[in-house]
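Geometric and topological summary
Listed here are the chains, written in short residue letters.
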Amino acid sequence: MMNHFMVLVVLLSLMTCSTTYSEQESFVFPVTYVNISKDLVLQQLVVEWDVGKSAHEAELAMSFEIQVYQTDVATTVWTEFLNVTLDKSGKPLHWVWDSDFPLECMSHSVRIRSRAEISNIWSQWSLWKTVLGLDTSNNHGPQIFPNEKIVEEGSDISFCCIGSEGQIVKDFFLVPTIPAFNHTNGRLGLLTVKNVTHHGSPHIMVYCQESCNETQCYDHAGFFVGKPPDTPHDFSCQTQDTRTVTCTWSPGGDTYLYGRHSPKYVLSDEFSQNPILCTVSCSEQCSCSWDIEQQKICNITLTVENPLGKKTAMDVFDVTHRIYPTAPFQLWEECTDTEITLYWKLQNIGIELFCQTEVLQPNGKVEVHNSSAGHLSYGSVTLRGLQPYTEYKARVHCGAAQDFWRWSEWSEAQTIRTKEAAPSGTLDIWREIKPGLGGRNVTLFWKQGPKFQANGKIISYEVTWTKVEDASEPESISLSSVCNSTRIFIDSHSYRISIMAKNNVNYSLPSVLIIPTGPEGDHSGSELEEERVNGTDDGIFFSWEPRHIYDSYIIDWCNVPALQPCDFQWKRFGANTSSALISSAAFVPGVRYNFHVYGSVANTATLLEKKTGYFKELPPLFDPVVENIELTFNAVTLYWDSYPTNESQPGFLRGYHVYISPLQEDCSLKGSKKHVLPDNSVLCKYSIDNPEEKRYTVKHLLSNTKYRLVVKAYTGGGENPIVNFRYIDTPFNLNILYLLLLLVIVPALAAAICLWKIKWVQECCCPVIPHPNKSRVLSFKEFNIGSEKVLKISDCIPDMLAVDSKAEAQKLHPQSPLSSTSTAEKTDGHSSSWIYAKENEERDFTPTPTPQTHTWFANFAYSSHLAVDSDSYQIPETLEASKPKLSVALYQPHYYDIFNEDAASTPRETCGRKASLKYISQTPVHCLGRRL
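Residues numbered from 1 in each chain as written. Predicted model: local features only at pLDDT ≥ 70, side-chain atom pairs only at ≥ 80, totals over all residues. Heavy atoms only, no water.

**Structural notes on the side chain of Thr443**
- Inspection of the secondary structure puts Thr443 in strand β31 (residues 439–447).
- By relative accessible area, Thr443 is classed as buried at 13%.
- A distance of 3.4 Å separates the side chain of Thr443 from the side chain of Arg487, its partner in a polar contact. (Helix = DSSP H or I, 4+ residues; strand = E, 2+ residues; numbered from the N terminus. Buried < 20%, exposed > 50% of the residue type's maximum accessible area, 1.4 Å probe, protein only. Polar contact = N/O pair within 3.5 Å; in protein donor to acceptor, adjacent residues only side chain to side chain.)

**With respect to the state of the cysteines**
- Applying the stated criterion to the full structure yields eight disulfides.
- At a sulfur-sulfur separation of 1.9 Å, the disulfide partner of Cys282 is Cys286. Measuring the twist about the S-S bond at about 115°, one finds the Cys282-Cys286 disulfide to be right-handed.
- Given a relative accessible area of 42%, Cys282 falls into the partly exposed group.
- The disulfide partner of Cys355 is Cys398, and the gap between their sulfur atoms is 2.0 Å. (Disulfide = S-S within 2.5 Å.)

**Quick notes on the pattern of salt bridges**
- Taken as a whole and assessed by the stated rule, the structure comprises 16 salt bridges.
- Between Glu531 and Lys611 there is a salt bridge, with its nearest N and O atoms 2.4 Å apart. Remark: Lys611 occurs in strand β43 (residues 604–614) and Glu531 occurs in strand β37 (residues 530–535); sequence separation between them is 80 residues.
- The class of Glu531 is partly exposed, set by a relative accessible area of 41%.
- Arg547 is the partner of Glu609 in a salt bridge, and the nearest nitrogen-oxygen pair spans 3.5 Å. A residue pair is termed long-range when its members are at least 10 positions apart, and Glu609 in strand β43 and Arg547 in the loop between β38 (540–543) and β39 (552–558) qualify at 62 residues.
- Given the relative accessible area of 14%, Glu609 is considered buried.
- Overall, the relative accessible area of 25% leaves Arg547 in the partly exposed class.
- Each of the salt bridges in this network shares a partner with another, and the network as a whole consists of Glu531, Arg547, Glu609 and Lys611. (Salt bridge = Lys/Arg side-chain N within 4 Å of Asp/Glu carboxyl O.)

**Focus: the sheet that holds strand β45 (residues 636–640)**
- Taking strand neighbours across the sheet as the criterion, the three strands line up as β44-β45-β49 in an open arrangement whose pairing is antiparallel. Strands at the two margins of the open sheet, each flanked by one partner only, are β44 (626–631) and β49 (695–698). Ignoring which end each strand starts from, the neighbouring axes of this sheet average 15° apart.
- Relative to β49, β45 is paired through four bridges, and the arrangement is antiparallel. Looking across to β49, one finds that Thr637 is bridged to Thr697. (Pairing = 2+ DSSP bridges. Axes fitted to C-alpha atoms, helices over the stretch in contact; angles between N-to-C directions.)

**Brief notes about the nonpolar core**
- In terms of nonpolar packing, the biggest core is built from 24 residues, with Leu45, Trp49, Val110 and Ile112 touching the most fellow members.
- Of all the secondary-structure elements, those providing two or more residues to this core are β1 (33–39), β2 (44–50), β3 (61–70), β5 (93–98) and β6 (108–116).
- When residues in this core are grouped by element, the largest group, four residues, is from β3.
- Not counting residues within four places of it along the chain, the set of residues in contact with Ile112 comprises Val31, Val34, Val47, Trp49, Phe64, Glu65, Ile66, Gln124, Trp125 and Ser126. (Core = buried A, V, L, I, M, F, W, Y, C linked by side-chain atoms within 4.5 Å. Contact = heavy atoms within 4.5 Å.)

**A word on the pairing of strand β30 (residues 428–436)**
- For β30 and β31, the ladder comprises nine bridges, and the chain directions are antiparallel. Counterpart to Gly436 in the pairing with β31 is Gly439.
- Between β30 and β31, which pair antiparallel in sequence order, lie two residues; one of them, Gly438, sits at a positive phi of approximately 80°.

**Some remarks on unusual backbone geometry**
- Omega for the peptide link from Phe145 to Pro146 comes to -10°, which places this bond in the cis form.
- A cis amide bond links Val175 to the next residue, Pro176, at an omega of 0°.
- Among the secondary structure elements, Pro176 is positioned in the loop between β11 (169–175) and β12 (181–185).
- At Asn195, a residue that is not glycine, the phi angle is positive and equals roughly 50°.
- Within the secondary structure layout, Asn195 lies in the loop between β13 (188–193) and β14 (203–210).
- Unlike most non-glycine residues, Asp567 shows phi in positive territory, near 60°.
- For Asp567, the position within the fold is in the loop between β39 and β40 (568–574).

**Description of helix α4 (residues 734–756)**
- For α4, spanning 23 residues, the distance from its first C-alpha to its last is 32 Å, which sits close to the expected 33 Å at 1.5 Å a residue.
- At Leu741, α4 shows its strongest bend, of approximately 25°. (Expected span 1.5 Å × (residues − 1). Bend = angle between axes of the 7 residues up to and from the residue.)

**Brief notes about the sheet that holds strand β7 (residues 129–131)**
- Within the open sheet, the four strands sit side by side as β4-β3-β6-β7. Their pairing is antiparallel. Across the chains shown, the open sheet's two edge strands, defined by having one partner strand only, are β4 (75–85) and β7. Across this sheet, the average inter-strand angle for adjacent strands is 20°, counted without regard to direction.
- As paired strands, β6 and β7 are joined by three bridges and run antiparallel to one another. Each bridged residue has a counterpart across the sheet, and for Ser109 the counterpart in β7 is Thr130.

**Regarding the packing of aromatic side chains**
- Summed over all chains, the structure comprises 28 aromatic pairs.
- With 5.2 Å between their ring centres and 45° between their planes, Phe542 and Phe595 make a pair best called tilted. Here Phe542 is found in strand β38, whereas its partner Phe595 is found in strand β42 (residues 592–601), with 53 residues between them in sequence.
- Taking relative accessible area as the criterion, Phe542 reaches 3% and is therefore assigned buried.
- Their ring planes at 55° and their centres at 5.2 Å tell us that Trp640 and Tyr656 sit as a pair that is tilted. Pair noted here: Trp640 is in strand β45 and Tyr656 is in strand β46 (residues 653–662), with a separation of 16 residues, a long-range link.
- Judged by its relative accessible area of 4%, Trp640 is buried. (Phe/Tyr/Trp six-rings, centres within 6.5 Å; stacked < 30°, edge-to-face > 60°.)

**Section: the environment of Lys91**
- Relative to the helices and strands, Lys91 resides in the loop between β4 and β5.
- Note on Lys91: relative accessible area 60%, which makes it exposed.
- Once the C-alpha coordinates of Lys91 and Glu48 are considered, the two residues, 43 residues apart in sequence, prove to be 9.9 Å apart.

**Considering the environment of Phe489**
- Among the structural elements, Phe489 can be located in strand β34 (residues 485–490).
- Residue class for Phe489 comes out partly exposed when judged on its relative accessible area of 43%.
- Residues Phe489 and Arg440, spaced 49 residues apart in sequence, show a C-alpha to C-alpha distance of 5.8 Å.
- Those residues within four positions of Phe489 in sequence are excluded, and the remaining contacts are Leu437, Gly438, Gly439, Arg440 and Asn441.

**A closer look at the pairing of β37**
- With four bridges joining them, β37 and β43 adopt parallel strand pairing. Pairing of Glu531 across the sheet is with Lys611, part of β43.
- In this structure, the hairpin formed by β37 and β38 is closed by a connection of four residues.

**Some thoughts on the environment of Pro435**
- Topologically, Pro435 is positioned in strand β30.
- C-alpha separation for the pair Pro435 and Ser492, spaced 57 residues apart in sequence, amounts to 9.5 Å.

**Section: the side chain of Ser371**
- The topology assignment puts Ser371 in strand β26 (residues 366–374).
- Ignoring anything within four residues of it in the chain, the contact list for Ser371 reads Trp344, Phe354, Cys355, Ser380 and Val381.

**Description of the confidence of the model for the protein**
- Of all residues in the protein, 78% attain a pLDDT of 70 or more, and the chain-wide mean is 79.
- The low-confidence segment residues 1–21 (pLDDT under 50) makes 13 contacts with residues lying over four places distant or belonging to another chain.
- Counting interchain partners and residues more than four positions distant, the pLDDT-below-50 stretch residues 808–932 has 218 contacts. (pLDDT = per-residue confidence, 0-100.)

Next comes the structure, spelled out in structure tokens:
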């Protein structure tokens, strides 16, 4: 009672905040007792301590600080605070610490201090309490801890190796090598592996070696990496006879632990007084069976456990609701041609069963028939509407009619064949007619079409033929069941042919065809044009023109045209059909197939159309042979031999391609298309769309150039790769040489001629016209009249004198007075001649007023620019009278009489003949009008 009062006082003092520091010290309860032990299995330190009786009696709320010290690292490795409310029992307090490293590796020490919640003062630390590790022992040889352990995948694990006294740990490693933290300190080695994973083998070895090399200097240990077991999947229980229960489940994922560490399964029943004793067997599925005797309700718990964990699954059920019957057995049957009655036996378990019979049809379809077996030990079912002489497969399984749980296993399959019946339907028959000597050879073909049912085993075929026109005795043959064709000979009359199939019961209905009158063969009719058809991925498709008079159409062909027999085939189509896709597994690319389309009415067939085509066209087998090549400097013409276009080709020949290019560069000829080879070189491509063409000319070539070329045939399947080329050299272009001659030699020759005649050409085309200012006359003595320079006649030294007839003078100057010369002068027969005067010689002519023949000097090169109204051509006698006009006529051309009778005796003149002399001045001067 007193203690309670003290606690109350303490609490009140704390509430009023009047407690002093010295008073708080009175509530300090130091740790009075500490004990420490270790669990080497769980690798745990177990610490026990107490704080005294008074603290327990006060039921104080206490706080404890616990520290763990490792001697190897010489430091505190763990600190933890623990809050505890004490009770009056006075029991010591306990605390457990899990060590990362095995406790054998090193010594561990623990100390504790306490604090009451009502006080802020911690007590003094207790003394260190130590548990020794093997690092203090005097062992011989290294030791690894833990020496065996099972580790869950994804967790961490630590190892230590303690060496012998005085030895140093040299190596500490794992096999197989996996990432790990390794630390050695003298005789102690530490190894830590983080996030351990399974590496194909669950067993991982740890090796430790001291600095010595003897056998006792080594140690090893191992550990396993695994997983805890999964919770069992699909756990359920059932019974076949209401007495034995079988539970099944899926084992789940691999735990990587085997042998004694593999998962262990235990089943228990909550409602049973006896433990469940059963042997668990596991493969793809685990199961366990045991006898429940008369028990009806079960509550089964399945426990699976391994060293890393434990999982459970439960199933509660009523036994009568978990009936899983045994499979039916000993099946037998009774059958006719269209019915089967199937029987089977059952294990009688005293409950009503419901059964299902599964029947596999010949076409692959499955039919299910239901039946009730009641409480009997057998069951049966009758199957109707079956085909005669047909195999069926049947099997049965059963289940509880009430409270159905699941079907039993299937019984063994029973194969049953119905009995035979007469064949139904008719055979599909066809024929091939070829002309023969005096008649026709008819090959008959037959097959069991979709409308024919043998209904038994065919033992023979009956072929009968008779003339249509008369009632002659029919002919017939019987053929083995292995035959599907035969050949008969008939004349040119019309015949009726029938074929029947026979089995052990009876004949089928006859299949009939009519061979009309005529000697021709089946495929005659050359007037029919053969039409090309195209192949597809699924076969060869073509169409025909329908005729309303026919009730069906037949198409025939050979699967292997090159062989004999050719595997003759045919196919029938209805009256409303006008197209067909013919497919066959025997069709191969590159083979031409011929098809014949017949129309049939009243069992008589008529050839309507012919078709030919390829399942798939291929490139030609070989290239055209170029037999001749004609070359010019800019073109090449190619000729090739007769190239086959018949069925020997693996496709319909569509035409030719001509490829050409220079050797040194890619081709870009006009009118061509570019074609790139696999080596990225470029050819010029020309297309010839006519397969009958046998020549082609390539133009626009370069002269004196080497080309490569090839001719390729192509079909609907393309052409073969280009392998071999022919090479040609175009000749040199002579026209270029001629052009060069015209452009070089002719101009050069013309230039040479021009150079040779350049002076003559200049005189003819470009005469030199002297300029007055550059004449020598301007250096003579002169006088000026106004602004004009005037040359005295006495200073005028002519360069040359010309003797002309007056006719020439009049021709030059028709208005001149020279026209009035005497007749004697006109009749003078002398022609013009040149008289060269003596250079720089003074001439002194005495004027003679003789009115006879006159010779004048005339200046035709230059004339005055002044306008003159009077006649500019005056005789010398008139000059005196016209002196006032002298300045006006100063630059006009004048004629002067230099030779007359008086003057002819002048010693200075060298010309003695009676003629006129014309002086042509080179300067624009006017000689004064004095007589010479």
